[in-house]
Amino acid sequence: MLEFYGLLFPVVVSLIVLKLCHSIYRWRNPKCKGRLPPGSMGFPIIGETFEFMTPYDFSSVVSPYLKKRISRYGSKVFRTSLFGAKVIISTDHEVNMEMAKSSTQLGATESLRRLFGENSDFLQRKEIHKYVRNLTSRFVGPENLKTTLIQDIDVLSRNYFEMDDNAISSSFDIKEAATKMVVDLIVKKVIGEMESEAVKELGLCWTAFRTNWFSFSYNVPGTTVYRFVKARRKVTKLLKGLIQEKNTSKEGLGDFLDILFDEMKKDGAGLDIDRAVNLIFTFFILSQETTPGILAATVKLVADHPNIMEELKREHEAVVGNRVDNQAGLTWEEYKSMTFTHMVIKETLRFTSAQPTVHRIPTEDVQVGGYTIPAGWLFFGIPLVHFDEEKYEDPLIFNPWRWKGKDLHGTLSKDYIPFGAGATLCVGSEFAKCIIAVFLHHLSRFRWSLDPKTRVLRRYMLMFPAGCKVEISKELSDQS
């Protein structure tokens with residue numbers, strides 16, 4: 001008997017090793033009904049995630065990871081594995097635009113799916129996504145921005161620039177301030193009046209999501225995804241209770257909640273309480289993490305260019321100087337008249353967009369650029385066209401004047417896609433630009449400086465390891 005087991009053991013081990021080798025081979029050589037882009041799948045499960053997610057300096061617009069892969073494969077389109085998923089990465093602008101048009105399913109890593117919830121409308125098919133976009137645009141679109149939101153953004157932004165009468169200067173972290181302002185704005189305009197304890201509890205919940213969204217998807221204690229899922233359940237339970245209470249009382253409704261309740265009353269409405277909760281949750285998450293980072297990067301870029309800082313100061317002094325009451329709130333007409341400010345914002349969006357802005361997951365094989373993008377694979381389109389010397393003069397230089405005389409309010413053109421493209425073009429683009437412009441308006445009316453320790457790193461999202469602290473003095477312009 002012992003002899004039998006002695007012979008059986010090496011056979012079992014050999015079969016396990018053989019199976020393991022076969023699995024590794026299949027991992028490294030995925031099947032495809034066509035021509036896959038060149039590339040490497042890296043180690044099983046891990047893939048090339050760690051190298052892809054390695055932070056790099058803000059001034060290096062193209063990551064070392066991309067440079068190495070493009071040089072190695074001689075192609076702007078290549079395959080890899082990230083976060084445990086099969087991925088096609090493209091820096092080819094024509095391929096990116098073709099994928100944006102031909103595929104409508106928004107691509108997201110498994111960690112993002114767990115963050116937003118598997119049934120999130122943010123990740124659903126075209127018809128549902130379009131329905132949700134239309135609802136959201138009624139809240140953050142230009143019309144509502146013009147009539148109500150800009151005044152609220154202005155009032156909330158002013159709070160961070162107020163000082164005690166005896167104070168000479170003040171300081172605050174611009175990214176943290178913008179994040180809090182966005183959350184306060186959404187609480188007020190989306191949900192409406194809330195008890196202070198509920199506001200506090202909701203605010204504490206949001207802090208759980210201010211970490212790395214892009215990670216491995218294993219939902220086990222101690223992991224980022226586990227914390228996401230736990231926090232999401234708590235937030236959605238809190239939101240559902242608040243919404244049900246307001247649906248019953250119909251008192252103190254926020255603008256967006258009012259829109260959602262009206263939609264629920266319609267015959268055959270595709271909206272219910274659970275979907276409304278998920279929509280509000282998604283709006284909170286996306287708004288508080290993306291716009292504040294772009295605003296902080298804008299401030300850093302302006303601080304690094306004194307000539308730009310002075311030009312902004314002149315423009316905003318003129319805006320205030322043209323008012324009958326220089327303490328009056330900012331108007332939509334004034335916002336649209338800030339030509340140089342919009343040039344700065346447009347240039348910032350170009351300069352900061354070195355991460356994927358086209359995310360797709362095709363439901364069937366797509367033939368594009370001479371390659372096959374297999375169904376079910378994630379597609380990440382990175383807009384390196386923003387740094388193409390044939391499209392932009394001195395593309396590695398931050399130069400707002402390059403936009404002089406050009407369309408300043410468009411968010412999409414052939415060579416400019418900071419908010420994505422196709423059916424999933426960001427519906428909150430004007431909302432984001434308005435927040436940045438209003439903050440710059442108030443900041444530019446002060447003498448200000450940025451903490452010299454401020455450093456920006458590029459990753460999947462912008463990082464500020466030492467924060468982004470500004471100090472403002474009480475010396476307002478003579479016209480204020």
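What you are looking at is a predicted structure, and each value in this text was computed from that prediction instead of being measured.

Chemist: Just checking my understanding: could you explain helix α3 (residues 64-73) for this structure?
Modeler: Residues spaced three or four apart along an α-helix point in a common direction, a consequence of the helix completing one turn every 3.6 residues. Within α3 the residues assigned to the buried category are Y65, L66, R69 and Y73. Axial view of α3: buried residues confined to an arc of 95 degrees, hence all on one face. Turned more than 90 degrees from where α3 packs its buried face, K67 and S71 sit exposed. Buried positions along α3 lie against α2 (49-52), β2 (77-82) and β3 (85-90). Following α3 by one or two positions, G74 adopts a phi angle in the positive range, close to 60 degrees.

Chemist: Mind showing me how you'd approach the nonpolar core here?
Modeler: For soluble globular proteins, the rule of thumb is that nonpolar side chains tend to be buried together. Core analysis: the biggest nonpolar cluster contains 111 residues, and I89, I153, I174, L260, I280, F439 and W448 have the highest contact counts within it. Element by element, the count of residues in this core is highest for helix α12 (residues 273-303), at 16 residues. Beyond its immediate sequence surroundings of up to four residues, I174 is in contact with L295, A296, V299, F439, C468 and V470. Within the second largest apolar cluster, 17 residues are counted, among which are L36, M41, V95 and A100.

Chemist: Just checking my understanding: could you explain the packing of aromatic side chains for this structure?
Modeler: Note on aromatic pairs: each is described by the distance of the centres and the angle between the planes. For the structure on display, the rule yields 17 aromatic pairs. With a centroid separation of 6.3 Å and 75 degrees between ring planes, the pair formed by F351 and F387 is classed as edge-to-face. Of the two residues, F351 sits in helix α15 (residues 339-352) while F387 sits in the loop between β8 (378-381) and α16 (429-443), which places them 36 residues apart along the sequence. Across the pair, exposure class does not vary: F351 and F387 are buried alike. Summarising the aromatic geometry, the rings of F351 and F398 are spaced 6.1 Å apart at their centres and angled 75 degrees between planes, so their arrangement reads as edge-to-face. You can see F351 sitting in helix α15 and its partner F398 sitting in the loop between β8 and α16, a full 47 residues away along the chain.

Chemist: I tried to follow unusual backbone geometry on my own but got confused; where do I start?
Modeler: Negative phi characterises most residues that are not glycine, and trans characterises most peptide bonds. A positive phi angle is found at F83, which is not glycine, with a value near 55 degrees. Position of F83 relative to the elements: it lies in the loop between β2 and β3. Positive phi, close to 45 degrees, is recorded for D394, a residue that is not glycine. Within the secondary structure, D394 is located in the loop between β8 and α16. Classification of D394 as partly exposed rests on a relative accessible area of 46%.

Chemist: Sorry if this is basic, but what is going on with the sheet that holds strand β9 (residues 448-450) here?
Modeler: What holds strands together in a sheet is hydrogen bonding between their backbones, with the strands either parallel or antiparallel. Sheet architecture is open: three strands sit in the order β4-β11-β9, paired in antiparallel fashion. In this open sheet, the two strands that pair with only one neighbour each are β4 (169-173) and β9. Within this sheet the neighbouring strands show an average axis-to-axis angle of 20 degrees, counted without direction. Across the sheet, α12 is in contact with β9 and β11 (469-473); its angle to β9 comes to roughly 105 degrees.

Chemist: Quick question: what am I supposed to make of the packing of helix α11 (residues 255-265) against α12 here?
Modeler: What describes two packed helices is the angle between their axes and the distance between those same axes. Interhelical geometry of α11 versus α12 gives an angle of 155 degrees and a closest axis separation of 11 Å. With respect to each other, α11 and α12 are oriented roughly antiparallel. Between α11 and α12 the crossing geometry is right-handed. Of the residues in α12, those touching α11 at F256, L257, L260 and M264 are I273, A276, L279 and I280. Tallied by class, the residues present in the contact of α11 with α12 amount to eight nonpolar, no polar and no charged.

How each quantity is defined
- Residues numbered from 1 in each chain as written.
- Predicted model: local features only at pLDDT ≥ 70, side-chain atom pairs only at ≥ 80, totals over all residues.
- Heavy atoms only, no water.
- Buried < 20%, exposed > 50% of the residue type's maximum accessible area, 1.4 Å probe, protein only.
- Helix = DSSP H or I, 4+ residues; strand = E, 2+ residues; numbered from the N terminus.
- Arc of directions from axis to C-beta.
- Contact = heavy atoms within 4.5 Å.
- Core = buried A, V, L, I, M, F, W, Y, C linked by side-chain atoms within 4.5 Å.
- Phe/Tyr/Trp six-rings, centres within 6.5 Å; stacked < 30°, edge-to-face > 60°.
- Pairing = 2+ DSSP bridges.
- Axes fitted to C-alpha atoms, helices over the stretch in contact; angles between N-to-C directions.
- Parallel < 35°, antiparallel > 145°, perpendicular 65-115°, else oblique.
- Left-handed = near helix turned anticlockwise from the far one by under 90°.
- Nonpolar A, V, L, I, M, F, W, Y, C, P; charged D, E, K, R; others polar.

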